[in-house]
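# What the coordinates show
Each chain, written out:
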4 protein chains.
Amino acid sequence: MKQEHCANTPPMGWNSYDYYDTTVNEEQVKANADYMAAHLKAFGWEYVVVDIEWYAYDAGSIRERYQYIPFWKVEMDAYGRLLPCPQRFPSAEGGKGFAPLADYVHALGLKFGIHIMRGIPREAAHRHLPVYGSSVKANEIADPSNICAWNPDMYGLNPACEGAQAYYDSLFALYAEWGVDFIKCDDICRMDMPSARAEIAMLHRAMARCGREMVLSLSPGPAKIEEAWYYAQHANMWRITDDFWDHWDSLKDMFDRCELWQRHVSPGCFPDCDMLPLGKIGKAFGNERDTGFTRTEQVTMMNLWCIFRAPLMVGAELTKLDDWTTGLLTNETLLKCVQNGGTPKLLCRDEESAVWMNEDSVDGSIYLALFNLGEQERRLFPEAAALLANGVSLMGKKMRSAWDGAYEAGKMRHDVSVVLPPHGSVFWVWR
Amino acid sequence: MKQEHCANTPPMGWNSYDYYDTTVNEEQVKANADYMAAHLKAFGWEYVVVDIEWYAYDAGSIRERYQYIPFWKVEMDAYGRLLPCPQRFPSAEGGKGFAPLADYVHALGLKFGIHIMRGIPREAAHRHLPVYGSSVKANEIADPSNICAWNPDMYGLNPACEGAQAYYDSLFALYAEWGVDFIKCDDICRMDMPSARAEIAMLHRAMARCGREMVLSLSPGPAKIEEAWYYAQHANMWRITDDFWDHWDSLKDMFDRCELWQRHVSPGCFPDCDMLPLGKIGKAFGNERDTGFTRTEQVTMMNLWCIFRAPLMVGAELTKLDDWTTGLLTNETLLKCVQNGGTPKLLCRDEESAVWMNEDSVDGSIYLALFNLGEQERRLFPEAAALLANGVSLMGKKMRSAWDGAYEAGKMRHDVSVVLPPHGSVFWVWR
Amino acid sequence: MKQEHCANTPPMGWNSYDYYDTTVNEEQVKANADYMAAHLKAFGWEYVVVDIEWYAYDAGSIRERYQYIPFWKVEMDAYGRLLPCPQRFPSAEGGKGFAPLADYVHALGLKFGIHIMRGIPREAAHRHLPVYGSSVKANEIADPSNICAWNPDMYGLNPACEGAQAYYDSLFALYAEWGVDFIKCDDICRMDMPSARAEIAMLHRAMARCGREMVLSLSPGPAKIEEAWYYAQHANMWRITDDFWDHWDSLKDMFDRCELWQRHVSPGCFPDCDMLPLGKIGKAFGNERDTGFTRTEQVTMMNLWCIFRAPLMVGAELTKLDDWTTGLLTNETLLKCVQNGGTPKLLCRDEESAVWMNEDSVDGSIYLALFNLGEQERRLFPEAAALLANGVSLMGKKMRSAWDGAYEAGKMRHDVSVVLPPHGSVFWVWR
Amino acid sequence: MKQEHCANTPPMGWNSYDYYDTTVNEEQVKANADYMAAHLKAFGWEYVVVDIEWYAYDAGSIRERYQYIPFWKVEMDAYGRLLPCPQRFPSAEGGKGFAPLADYVHALGLKFGIHIMRGIPREAAHRHLPVYGSSVKANEIADPSNICAWNPDMYGLNPACEGAQAYYDSLFALYAEWGVDFIKCDDICRMDMPSARAEIAMLHRAMARCGREMVLSLSPGPAKIEEAWYYAQHANMWRITDDFWDHWDSLKDMFDRCELWQRHVSPGCFPDCDMLPLGKIGKAFGNERDTGFTRTEQVTMMNLWCIFRAPLMVGAELTKLDDWTTGLLTNETLLKCVQNGGTPKLLCRDEESAVWMNEDSVDGSIYLALFNLGEQERRLFPEAAALLANGVSLMGKKMRSAWDGAYEAGKMRHDVSVVLPPHGSVFWVWR
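Please read all numbers here as calculations on a predicted model, not as lab measurements. Within each chain, residues carry numbers counting from 1 in the order of the written sequence. Here the convention is simple: chains get letters from A, ligands get numbers from 1, in the order in which they are written. It should be noted that, the model being predicted, local features are given only for residues of pLDDT at least 70 and side-chain atom pairs only at 80 or more, the latter also being counted only at that level, while totals for whole chains, interfaces and linings use all residues. With hydrogens and water excluded, all non-hydrogen atoms of the structure serve as input to the side-chain values.

From N to C terminus, chain A includes 13 helices and 21 strands. Here the globule rule is a power law, 2.2 Å times the number of residues to the power 0.38, and the radius of gyration is based on C-alpha atoms. Here chain A has a C-alpha radius of gyration of 22 Å; the compact-globule value for 431 residues is 22 Å, and the two agree. A principal-axis box enclosing the C-alpha atoms of chain A has dimensions of 70 × 40 × 40 Å. Within chain A, buried positions represent 63% of all 431 residues. Long-range contacts, defined as pairs at least 24 residues apart, comprise 73% of the intrachain contacts of chain A with a sequence gap of at least 6. When the accessible surface of chain A is totalled, it reaches about 15100 Å², and 48% of it is carbon and sulfur. By definition, any uninterrupted DSSP run of H or I lasting at least four residues is a helix, any uninterrupted run of E lasting at least two residues is a strand, and each is numbered from the N terminus. For the exposure calls, accessible area comes from a 1.4 Å probe over protein chains only, and a residue counts as buried if that area is under 20% of its type's maximum, exposed if over 50%, partly exposed in between. In what follows, residue pairs with any heavy atoms lying within 4.5 Å of each other are defined as contacts. Each accessible area is a Shrake-Rupley result for a 1.4 Å probe, and residues are judged covered by the shown protein chains and nothing else.

Laid out in structure tokens, this is it:
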């Protein structure tokens, strides 16, 4: 069973990947944490997450050829546990790991998260390193044919081997010592290797044993809908898409995925639409840019993520946020839906539009989001009949738009319909 | 949108298929309806459903060769609408259709249902019959390459043809005239033909237009989980398995299907585990028999269907029910869960066991069903931790078993665990 | 076993489909036969083939909606055997079938062929027509779930039914009476239905029993390479592609298919690349046109078909052939390769080029065809090493190009290489 | 292009795998070579092949857990080229590799072969070893995601990397120095990785450049029939099955595979049915045994391999051959068919029987093999009609059985048919 009070609402935070790829360093993490504490914390933002390859030397240095340099030097302890690369995380020197950085984040009133790849470093297996707390060696638990298709760092574990669980236990014990609050485990959510279920169970068990409350986030997607119950038993978030970037096609596609997963949103369990590629992104990918989404599309993305109550992880470099983007992240109505809402409901859907609702479990407000997914202007209605079929009436309630004029794309009409431009949407609250 | 008050709880009734195959006649339907009115109605049983090929002449007469005799005579009106075969339904003579039989069933305080195949009779297309209420002919709306893989009676409709909707409208208008309360539409739920979504939408639209409240049940399964939202928008029941018969492997497999579909149980929407093959079954299949399930397995089946809140459709010849089987169908605790329960929750699961819960929306009782799916005796517990994670505590509540000694397989223990034999289960209520 | 002397060389002829679709009539067939006798027969062309739906009334009359009008009137005898529609084939009146037309063709010194769909007319099954020479009826041998995906006329036969073979026997007996020399059976070559092997065997057996020598051609492709031996045992030609039309992509793709099937060319057995869409084509498809291939591509097509020794069936309306196209069909060197060649050999291949050879079994000449499949000019060589590896030396032989300047695209060089334009080719003979 | 005179007839020899698994040593190889020279060489047997993991330390020492110990010590030179493990091949000490052993074999008048895994040792990549004759390092050409599913030793090469070809060139240069005559390259024939075609081309190019004539054998199967031409261009043998062992089902299945590949048997190109698991086998697999085939089945296997002209590689420990088995390997008629035959032809086939022919290219003898694949005694005939269709007549020829009474299973009849027991066969020669 999962920890009871963990992630009762969708986790909200910042993740280093969209801007820094594999290259983020201590100073940059701190700067983003500082910014979050100063400007976003008051709105519920709290996780600061260091994404992939914080243990790798020279990460990003041959970027035109490799995203992940194969067979390269990694920082590792004598038990085959990866440590922060001191090139980039000087405070980790002397075996202190992420503890100093986690302390820094905690001191700001925030929480600290890290990314891991499932399995054990290939280097540990080839060097026959001992597994902490067991009598086995890395080469005995690593499965030489169980690899990641896109990252060369690890071997998957053979769950049938004595000592495989011990290795994961040793990892989480270390992370608990460091003060980690959030683990994003990668190369596992798609369950495309035979050991998938067993590896997820080992992670979950190790986390339960580590004595520290942590959120478990599984990546990358798409998750398998057939395994929905299994994810919910073992994790707090699971990616329902492959990596999400700033292209309309991917955003439009997310409406299908949210349709599929809507009934699986519940306390402690949040299907994950991936990071919000807003603001400045792409720098270490060699393409620093403002998000490719139009303003209309950015609002549409926020409306979908919030009515669906997806985890909110910003991909932007926070220190470069402009006021308009900050506004996107601090809308009180949308964040109230994220915090107080329940299971989202798709009310109607066709190729060109979607209408979603959610209900505030505290004050009973009804949130409605109407989306024009087509390439033509289109008028949409609040779907009173579908609401009624869900036991909800808008009769006697007052309607308000969550966004003011600076963000709004649609033209509201007195008869409570809205004319939306292509890719546009509105977010209404009725009370 | 679906009709608002239809099937707020799982439909319960009798279906002719498991005993009569294609051969049931008017007298037999009446006898089963009489029995239901006299012995089961008080417990909530209400639908009397005539299954496949009520329109076919000589049905079952060459059973060693055909389940459905191809290219054979069917009873049909001038608009290509199938009528009850007067060989078996004498009251249908003179174009009265099922109206007299429906009247009979209604007079008993019960409801009347029929099975249909999607599409239009092949014979109607080959004879170029006109479509009622339109200017087109059957050959224009029938799609010659859209057939059923296992039944030779119909062609699927081409949804792009003007007149296709008119044909379905004409069908449902007729059924409304007859007084039909329940339609089980076959060859559609698996959505394995390109026209599937469109045909379901046409059925739903025709039903909405017919002016009579009816339950729409889709068959056969397995339904596609990716289309869960679509089924819920258009139908009240959809089969989550292929035809279910009295073999343990199929029953064990149903635990996987219920895991998959659990979050989709809601008022008006009931994933369908197919008929209960209890009592006497199989006669017109050439194998009249008592159900092949052991008593222990029969209780396990009832426990699963009821904790999951599947529709309950008995396959037995009702007039031959013995007392023990009648007891299975009239357990007040299980039926209270079916009537008052909510969305079922699987609490824990492995290859050999499952624990399910449901909660009474009226009095807050907690229903728990524990299942031993293995081949060894096994002790199971009520999974307090998993309940807590679902916001439920058993502290201070009193536990009672739903079944008395005649039905119970497990040995209860004072410390609230139970030792269950292979295939055995218990159904507990806590209040 | 197949008939011994049938199709020892690749069949050559004309087929009505590419120009007339389903609409060809007696006069048009005769006009094409006349032309063939006058201008092409001397070069080895001999088959005149009437393609699909010669039995259908009103064929082509609702072409914007249907290629094949479903559930429409067909000409049929009392035994469910299709007859030529007298609307289009007046000489067939009075039950004479194709005998008068076959006589006409034979009188010109040519051979006569027809297209059939596998199976039995749907109408025959629905009308319960008797099967000639047996005690069964059409409805007993027709399989209601065994249909063609694209043509609505027939049901496949159930090979397990007594009488299925009798039906095919009755067909071929009729065709033998008519004087048919060539049968192109459709909806069978892809073997995508369970009865495929059995239906092919039934056709083959019926042909063997009919007492007349006929070529058996199977359509449409792509044929399954796994069944290569089975095709060779039962048929003379089998389509290795889906329908082939006048687009470069399809022509380029044929190089892959020829690579795959090259070792299966042998006396009596010719993998079939489909008709040559040359000259005027497309009329009854609503798009009468000159072939969409450039002259360079037309030569390339001829070079491939002839070096590979594919059956040669012209799709053009013969009476409209221009001199240049006639030249394509009457090249003595290419046709000598078709008549005297052996098993073709691909000597080398990459994405942009191919070199093929064949050897004359009479005089030992070596045929070489070099193809530039790319979009850039490219120089190609005769691949002496690959020839040597196949036991062939060009040393001391004299080279000649099969085409004169009017057809040639490549620039020959004194060092025996050739510079070919995009899509261009040469055909050389060494002796 | 392949080397011209290499493997003009099917290679015949001994392979260490079936008896020794990964464990064979120098003394054992020599003992088998000695035996071959003394008893089999006169019949055409010539290759002595050392199979998998001759470079591995401790091979077979943890056999209950691993066939191939992962992450273990291998013998390797400074350029990442594997060398014979001196634990087992003492003559290889001092960097002499297999040269002394090859010399020994050559001195017996035999040829020497080795097995390799495609790719480069994982250890070489992790240690960044330089690639001989190039400026790149192993880590630059190894593809970390291109692995073998069943053996942990290697990484596949990235064909796009400069230096990948150089590595293969360096390998074959070494093997040429040693005097290797035969390379069996593993993990490549199924072509189930994207680099397959490119890796085969690199092997072929390296072999062409090495200056020594070698046979190239690709493993494991099943090979892809779609790539038949590609195999024939690059290799001499390619496995058409997965590993073949001594079970009737596998032997029966080989008749399907031979049907599929029959037209691809030609000089230099031999579809490979894998080793002959005869005599004593299985020792290092922990199951030393006499072959599981009955004597009747052993003869059937020999008859199929020889009429098909598959490469003949004995799996038995030669020094333990009994007379009867030696007789199987030294039948002059069968070996004459292997040496002088041409492309085999399947004459007829059903689920229960097969008749194959081959023709002697030197003296025109006709070889016929008749097989009863069923579980009932059955009479078979020489299929004169099918022979005729292949241009062969038995008229006036004299028939002789290849086997004498000690090996024969069938009862010959005066009318030239044979009654064969289940799994039985005859091999006839007509001249």
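On we go.
Take chain C, turn it by 180°, move it 0.1 Å along the axis, and it overlays chain B with an RMSD of 0.0 Å. A rotation of that kind, with that shift, is consistent with a two-fold axis. Both copies contact each other with a shared surface, as 100% of the interface residues of chain C are interface residues in chain B too. A residue counts toward the fit only if its pLDDT is at least 70 in both copies, and the copies are then superposed by least squares on the C-alpha atoms of those residues.

With that out of the way, let us pick up the interface of chain C and chain B. Think of interface size as the accessible area that goes away when the parts come together; that is how it is often given. Facing the 21 residues of chain C at the interface are 21 residues of chain B. Reported buried area values correspond to the accessible surface (1.4 Å probe) lost by two parts on association, with both partners' losses combined. Of the roughly 1700 Å² buried at the junction of chain C and chain B (both faces included), carbon and sulfur atoms supply 58%. When the buried area of chain C at its contact with chain B is split by residue, C:Phe71, C:His126 and C:Pro144 rank highest and sum to 39% of it. What makes a salt bridge here is a side-chain nitrogen of Lys or Arg within 4 Å of a carboxyl oxygen of Asp or Glu, nothing more. Across the chain C-chain B interface, the total number found is two salt bridges. The closest approach of N and O atoms between C:Arg65 and B:Glu140, which form a salt bridge, is 3.7 Å. Pairing of N or O atoms within 3.5 Å defines a polar contact, subject to two protein rules: one partner must be a possible hydrogen donor and the other a possible acceptor, and residues neighboring in sequence count only if both atoms are side-chain atoms. Summed over the shared surface of chain C and chain B, the number is eight residue pairs in polar contact (both at pLDDT 80 or more).

Attention now moves to the interface of chain D and chain A. Listed by partner, the interface residues are 21 residues for chain D and 21 residues for chain A. With both sides pooled, the region where chain D packs onto chain A buries about 1700 Å², and carbon together with sulfur makes up 58% of that total. Counting the surface chain D buries against chain A, the share from its top three residues, D:Phe71, D:His126 and D:Pro144, is 40%. For the pair chain D and chain A, the number of links is eight residue pairs in polar contact (both at pLDDT 80 or more). Listing elements by their share of the side of chain D that touches chain A, those giving two or more residues are α4 (122–126) and α5 (138–141) of chain D. At four residues, the largest contribution of residues to the side of chain D that touches chain A is made by α4(D). In this count, Pro and Cys sit with the nonpolar residues alongside Ala, Val, Leu, Ile, Met, Phe, Trp and Tyr, while Asp, Glu, Lys and Arg are called charged and the others, Gly among them, polar. Here the side of chain D that touches chain A is built from residues that sort into 13 nonpolar, four polar and four charged.

To continue, consider unusual backbone geometry. The omega torsion of the bond from A:Ser219 to A:Pro220 falls at -15°, within 30 degrees of zero and hence cis. Mapped onto the elements, A:Pro220 comes out in the loop between β8 (215–218) and α8 (228–234). Here B:Glu53, not a glycine, exhibits a phi torsion of approximately 70°, which is positive. Tracing the backbone shows B:Glu53 in the loop between β2 (47–50) and α3 (99–107). Judged by relative accessible area, which is 3%, B:Glu53 ranks as buried. At D:Asp187, a residue that is not glycine, the phi angle is positive and equals roughly 65°. Residue D:Asp187 is classed as buried on the basis of its relative accessible area, which comes to 10%.

When chain D is fitted onto chain A, the two copies agree to an RMSD of 0.0 Å after a turn of 180° and an axial shift of 0.1 Å. In this assembly, 100% of the residues forming the interface of chain D have copies in chain A that are likewise at the interface, indicating an isologous arrangement.

Next up on the list: the arrangement of the chains. At the level of C-alpha atoms, the two units chain A and chain C stay apart, their nearest approach being 26 Å. Taking C-alpha atoms only, the smallest gap left between chain B and chain D, which are not in contact, amounts to 26 Å.

Our next topic: the packing of helix α10 (residues 295–308) of chain B against helix α12 (residues 332–340) of chain B. Residues and elements named next belong to chain B. Look at α10 against α12: their axes get within 7 Å of each other, and the N-to-C directions meet at 30°. Here α10 lies roughly parallel to α12, going by the angle between them. Residues Met302, Asn303, Cys306 and Ile307 of α10 pack against Leu334, Cys337 and Val338 of α12. Taken together, the residues of the contact of α10 with α12 break down into six nonpolar, one polar and no charged. Each axis is a line fitted through C-alpha atoms, and for a helix only the stretch in contact is used; angles between axes span 0 to 180 degrees, taken between their N-to-C directions. When an angle is under 35 degrees it counts as roughly parallel; over 145 it counts as roughly antiparallel; between 65 and 115 it counts as roughly perpendicular; any other value is oblique.

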